[in-house]
Amino acid sequence: MTTAPSLELIGFTKRFGAMAALDDVSVKIEAGAFHALLGENGAGKSTLVKCAMGYYAADQGQILLNEREVTIAHPRQAHDLGLGMVYQHFTLVPNMTVLENFVLSRGDLPAVIDWAAERRALKSFFETTPFTVPIDTPVADLAAGQKQKGEILRQLYLKRNLLILDEPTSVLTPDEADEVLTTLKKLTTDGQITIVTITHKFREVNTYCDAVTVLRRGKLIGTRPTSELDNDTMAEMMVGRRETRSVVERETRAPGKAVLKLEGLSVADSVGQLAVEDLKLDIRAGEIVGIAGVSGNGQRELVEALAGQRDAEAGRMLVHGEVYTATRPEMVRHKIACLPEEPLRNACVAEMSVAENIALRSFDQPPSSPDGIRLRRSPMRETARKLIEAYKVKTPGPDAAIRGLSGGNVQRAVLARELSSEGDLLIVANPCFGLDFAAVAEIRARIVQARNRGAAVLLVSEDLDEILQLSDRIVVMFDGKLALETDAAAADVGAIGRAMAGH
Amino acid sequence: MDGTDLGLWGVPLAMLAGAIRVSTPFIFVSLGECLTERSGRINLGLEGTLMMGAMTAYGTALLSGSPWLGVLVAAGVGLLLGALHAALCQLPKVNDIATGIGLMLFGTGLAFFLGKPYIQPKAPNLGALDLGAWSSISQVQQALQVNPLFLIGIALAFALAWALKNTRWGLIVRLAGESVDAALAIGASVGRVRLLATAVGGAFAGIGGAFLSLYYPGSWNEGLSSGQGLMAVALVIFARWDPIRCLWASLLFGAAGAISPALQSVGVTQGYYLFSAAPYVLTLALMIATCSPARSLRGAPGELGAVK
């Protein structure tokens, strides 16, 4: 097997236009370390590792691999040196099988491929790895956890001995994450590989990492062994000040009348199978109903049906007692706001500007449009400027394309648009996915604020802590059906966990 | 016609004959488009390539006396047109749909313009193999007169399917079609792969054109293709980008095209033109049935976008 290398990045600086994404950052990663890279969104973690991998050309910086200087101008050079990267998104080609993906990425193919021999070779390789994935399944048919395992296995298959992981567990369940990380940890302690991981999860840092490097706004804050750090210190290093602003006080208030009623709602998924089956649920004014569950149990399809992205197969949705079919006029009339997951894909037009995206709900009403036909730019830009200010959206300006914003800032921009209308019904899905602490606290506070002023909130989240923290009432979805419904005050976490697992 | 009267059996027999005769251009064009689209590019210009192939094949056969030389020239012209499409698409901010439509009109127009002198004279035809010699029924003998290009087309479908799965070349074509990033990561030049795939796809379409003018219908005129090149492009989607399914779909379209003459041969003369429209209706019906937006297009190459 290979031996783990050490990696030192010295004096990295990278500018995008006037903004310094990295400012003289130096990190030393010991051989065989499990090294965490912490920082808020936009702190420069991804930029740093992309420079190291040759995706970006750094303006300044020197790379030492095993204490020898190397030049990495292109990802292929990084690969040849044994550096590999695993991303938050998947890079395996969906329409090809695992075997085809692995063999292809090797790059040194013979003119005609001996699939029998390749299959044997991969099978015997999988006997040496702690977890495996099905060899002949098209990657499109694998679950998220299996895909991420496949990504990591492919790096090992390609004999990469320095892995850079960019939030590798964000798509995994806690159990899957533990399985993957335990294995990787063992490979590092055996001295086979060195790992640099970008993460937001302190639990994973505490359990698996040896050392932590913290970046803030492109600057190095420090590198320390994990044993010297506690969560408060790490959080302070990341955000630069004690973030005491926790969730807004929830007012005690009795829930009002039902705003949203789901009557036997069934929704099919993209393949045509029922993802949501005969769902009955009421959401009342002034309460947050949290839908817990492992992803893939129908939550996505439910939100898409409510947002008008997917038709219901059977059943009805009622808002304020009227049948609701998720059309734009209905959403305006009933004051429905929606913050779906992956807002850049589901709630934005990526190529349009921040101002235009913020105006998507109101561009055809005064003052943006005096008559529903002509559009007026300046009120749009004015509204956007106010909301950018109020929701602290970090953007070069209202006219910048929203595609260029970081994930957390896209989330803030969409939240600004959706909450500014003071809706009666707020539908939120995984609002804090992949965001840093400050952003998480702020977004959660805004959701509770909406509830406090009397909005009915449907919160779909894969993060059980978020559900427990925010909800007045908790329901668990399993296999498209309601597996459990309980008051948050009386919630039994064990029972919720069992319901999520289908017991 | 001194054949036995087969009664209604004549209809399926005539459709089989039609499937064999009419399907060949569909096979070649759809395989060409299949290859092109698997590399991540759409070439809507194959209708024009088909016409250029038909015209140049006919002209070459007429002037040289060798129909097979005509086939070769048609393939060469197709190769050049395909390469032209690929080269244009590689320019920045060029849309492959728009370029394809442009080249379709260009190819058709150029074929009409250069083909004017070939409308009257009769060029030598590609021969046929008599695979029906065992039968005493003349209709069966006629139906089983098979042109070698048909057999080559079948072989090509299987060869292409095998190559896409088992060769380095085939895998890199698929990778270029599925994920540009992944292709770049292994050092493949996506532009070159697509250039080659589009050019070879064009050559296939050119051969399909040669079949039209040199075997069936076997003459050169401006209404020769009547949209077969475009139908073949639609057929690739129906066949889910699988060469073998392209073959079956082509046979189906060929059989549908033969409904009308088949019915006429048994005395059903009403609605001749209506039945002639069968392949077009079939195209529409299949597209509606198989390409509903509610279902995901499984098998569609990942990089195949309508708009880049």
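Residues numbered from 1 in each chain as written. Chains lettered and ligands numbered in written order. Predicted model: local features only at pLDDT ≥ 70, side-chain atom pairs only at ≥ 80, totals over all residues.

Moving on, we get to the overall build of chain A. If you tally the helices and strands in chain A, you get 17 helices and 20 strands. Across its three principal directions, the C-alpha atoms of chain A cover 70 × 50 × 50 Å. Within chain A, contacts between residues at least 6 apart in sequence are counted, and of these 69% link residues at least 24 apart. (Helix = DSSP H or I, 4+ residues; strand = E, 2+ residues; numbered from the N terminus. Contact = placed C-beta atoms within 7 Å.)

Within chain B, the regular secondary structure consists of 14 helices and 2 strands. On C-alpha atoms alone, chain B measures out to a radius of gyration of 20 Å, which is about the 19 Å that the 2.2 N^0.38 rule sets for 308 residues. Along the first, second and third principal axes, the C-alpha atoms of chain B reach 65 × 45 × 35 Å. Buried positions account for 51% of the 308 residues belonging to chain B. Across chain B, every contact between residues at least 6 apart in sequence was considered, and the portion connecting residues at least 24 apart equals 78%. (Rg over C-alpha atoms; globule rule 2.2 N^0.38 Å. Buried ≥ 20, exposed ≤ 12 C-beta atoms within 10 Å, placed from the backbone.)

The subject of this paragraph is the sheet that holds strand 7 (residues 162-166) of chain A. Residues and elements named next belong to chain A. Within the open sheet, the 6 strands sit side by side as 6-7-8-3-9-10. Their pairing is mixed. Two strands in the sheet have a free side with no partner beyond their single neighbour: strand 6 (83-86) and strand 10 (219-225). Looking at each pair of strands side by side, their axes are set apart by 20° on average, direction ignored. The pairing of strand 3 (residues 34-39) with strand 9 (residues 211-216) spans 5 bridges and is classified as parallel. Paired with Ala36 across the two strands is Val212, which belongs to strand 9. The strands touched by helix 1 (residues 45-52) within the sheet are strand 3, strand 6, strand 7, strand 8 (194-198) and strand 9, with strand 8 carrying the most contacts at an inclination of about 145°. (Pairing = 2+ DSSP bridges. Axes fitted to C-alpha atoms, helices over the stretch in contact; angles between N-to-C directions.)

In this section: the interface of chain B and chain A. On the chain A side, the residues contacting the 17 residues of chain B number 19 residues. Sorting the residues of the side of chain B that touches chain A by element identifies helix 7 (168-178) and helix 8 (180-185) of chain B as the ones contributing at least two each. Ranked by residues supplied to the side of chain B that touches chain A, first place goes to helix 7 of chain B with 5 residues.

With that settled, the discussion passes to helix 10 (residues 228-238) of chain B. All names here are of chain B. In terms of burial, helix 10 is a largely internal element, 10 of the 11 residues being buried. Buried within helix 10 we find Gln228, Gly229, Met231, Ala232, Val233, Ala234, Leu235, Val236, Ile237 and Phe238. At the C-terminal side of helix 10, Arg240 shows a positive phi close to 55°.

All names here are of chain A. Chain-level statistics for chain A give a pLDDT mean of 87 and a share of 95% at 70 or above. Between the elements of chain A, mean pLDDT differs from a low of 75, seen in helix 17 (residues 493-500), to a high of 95, seen in strand 18 (residues 456-460). Taken as a whole, residues 242-246 scores under 50 in pLDDT and shows 7 contacts with residues more than four places along the chain or in a different chain. (pLDDT = per-residue confidence, 0-100.)

All names here are of chain A. Here 4 strands make up an open sheet; going across it, the order is 12-11-14-15 and the pairing antiparallel. Unpaired on one side and paired on the other, strand 12 (274-284) and strand 15 (322-323) mark the two borders of the sheet. One ladder, built from 7 bridges, connects strand 11 (residues 258-268) with strand 12; its direction is antiparallel. Bridge assignment links Leu260 to a residue of strand 12, and that residue is Ile283.

All names here are of chain B. Packing of helix 3 (residues 67-90) against helix 4 (residues 96-115) brings their axes to within 10 Å, and their N-to-C directions diverge by 145°. As for the relative orientation of helix 3 and helix 4, their crossing is right-handed in sense. Touching Leu81, Leu84, His85, Leu88 and Cys89 of helix 3 are Asp96, Thr99, Gly100, Leu103 and Gly107, all from helix 4. Here the residues of the contact of helix 3 with helix 4 are counted per class, giving 5 nonpolar, 4 polar and 1 charged. (Left-handed = near helix turned anticlockwise from the far one by under 90°. Nonpolar A, V, L, I, M, F, W, Y, C, P; charged D, E, K, R; others polar.)

All names here are of chain B. Judged by nonpolar contacts, the single largest core of 161 residues is most densely connected at Leu31, Ala54, Ile207 and Leu235. The greatest single-element share of this core, amounting to 15 residues, is contributed by helix 9 (residues 190-214). With residues near it in sequence (within four places) discarded, Leu31 still touches Leu156, Ala157, Leu160, Phe204, Pro243 and Cys246. (Core = buried A, V, L, I, M, F, W, Y, C linked by C-beta atoms within 7 Å.)

This part takes up unusual backbone geometry. Here Pro366 of chain A and Pro367 of chain A are connected by a cis peptide whose omega angle stands at 5°. Inspection of the secondary structure puts Pro367 of chain A in the loop between helix 12 (354-358) and helix 13 (377-390). Looking along the chain, the bond that leaves Tyr216 of chain B and enters Pro217 of chain B is cis, with omega of 0°. By the element assignment, Pro217 of chain B lies in the loop between helix 9 and helix 10. Its identity as a non-glycine residue notwithstanding, His320 of chain A has a phi of 50°, on the positive side. When you line up the elements, His320 of chain A lands in the loop between strand 14 (312-319) and strand 15.

This part takes up the domain arrangement of chain A. When the domains of chain A are assigned, the result is domain 1 (7-239) and domain 2 (258-500). Distance between the C-alpha centres of domain 1 of chain A and domain 2 of chain A: 32 Å. (Domains from an automatic or database assignment.)

This part is about the pairing of strand 8 of chain A. All names here are of chain A. In terms of residue burial, strand 8 counts as a mostly covered element, since 5 of its 5 residues are buried. Across the two faces of strand 8 the burial is the same, with Thr194, Val196 and Ile198 and Ile195 and Thr197 all buried. Inspection of the sheet shows strand 3 paired to strand 8 by 4 bridges, in the parallel sense. Paired with Phe34 across the strands is Ile195, a residue of strand 8. Taken together, the 5 bridges between strand 7 and strand 8 define a ladder with parallel strand orientation. Bridging across to strand 8, Ile164 finds its partner in Val196.

Once that is clear, we can look at helix 3 (residues 98-106) of chain A. Those residues of helix 3 of chain A that fall on the buried side of the exposure criterion are Val98, Glu100, Asn101, Phe102, Val103 and Leu104 of chain A. The first or second residue beyond helix 3 of chain A is Gly107 of chain A, which carries a positive phi of 85°.

Time to look at the pairing of strand 10 of chain A. Residues and elements named next belong to chain A. Examined bridge by bridge, strand 9 and strand 10 share 6 bridges and lie antiparallel to one another. Bridge pairing in strand 10 places Val214 opposite Gly222. Here strand 9 folds back onto strand 10 in antiparallel fashion, the turn holding 2 residues, of which Arg217 has a positive phi close to 45°.

Residue and element names in this part refer to chain B. Within the secondary structure, Phe28 sits in helix 1 (residues 10-38). A residue is classified by how many C-beta atoms lie within 10 Å of it, and Phe28, with 36 of them, is buried. Apart from residues lying up to four places away in sequence, Phe28 is in contact with Gly153, Phe204, Ala205, Ile207 and Gly208.

Let us look at the confidence of the model for chain B. The predicted model of chain B has a mean per-residue pLDDT of 87, with 94% of residues at 70 or higher. Under the prediction, the complex receives an ipTM of 0.84, its pTM being 0.74.

Moving on to the environment of Ile467 of chain A. All names here are of chain A. Mapped onto the fold, Ile467 is located in helix 16 (residues 464-470). Between the alpha carbons of Ile467 and Asn430 there is a distance of 9.9 Å; along the sequence they are 37 residues apart. Among all residues touching Ile467, those that are not within four sequence positions of it are Gly290, Ala292, Leu459, Ser461 and Ile474.

Below, the discussion takes up the packing of helix 1 of chain B against helix 9 of chain B. All names here are of chain B. In contact at an axis separation of 8 Å, helix 1 and helix 9 are set at 175° when each is read in the N-to-C sense. The orientation of helix 1 relative to helix 9 falls into the category roughly antiparallel. Contacts from Thr24, Pro25, Phe28, Val29, Leu31, Gly32, Glu33, Leu35 and Thr36 of helix 1 reach helix 9 at Ala197, Thr198, Val200, Gly201, Gly202, Phe204, Ala205, Ile207, Gly208, Phe211 and Leu212. Tallied by class, residues from the contact of helix 1 with helix 9 come to 12 nonpolar, 7 polar and 1 charged. (Parallel < 35°, antiparallel > 145°, perpendicular 65-115°, else oblique.)

Here the focus is the environment of Arg119 of chain A. Residues and elements named next belong to chain A. Mapped onto the elements of the fold, Arg119 is located in helix 4 (residues 115-128). Taking the number of C-beta atoms within 10 Å as the measure of exposure, Arg119 has 15 and is therefore partly exposed. Taking the C-alpha atoms as reference points, Arg119 and Leu99, separated by 20 residues in sequence, lie 6.9 Å from one another. Dropping the residues within four chain positions of it, Arg119 is found in contact with Leu99 and Ile135.

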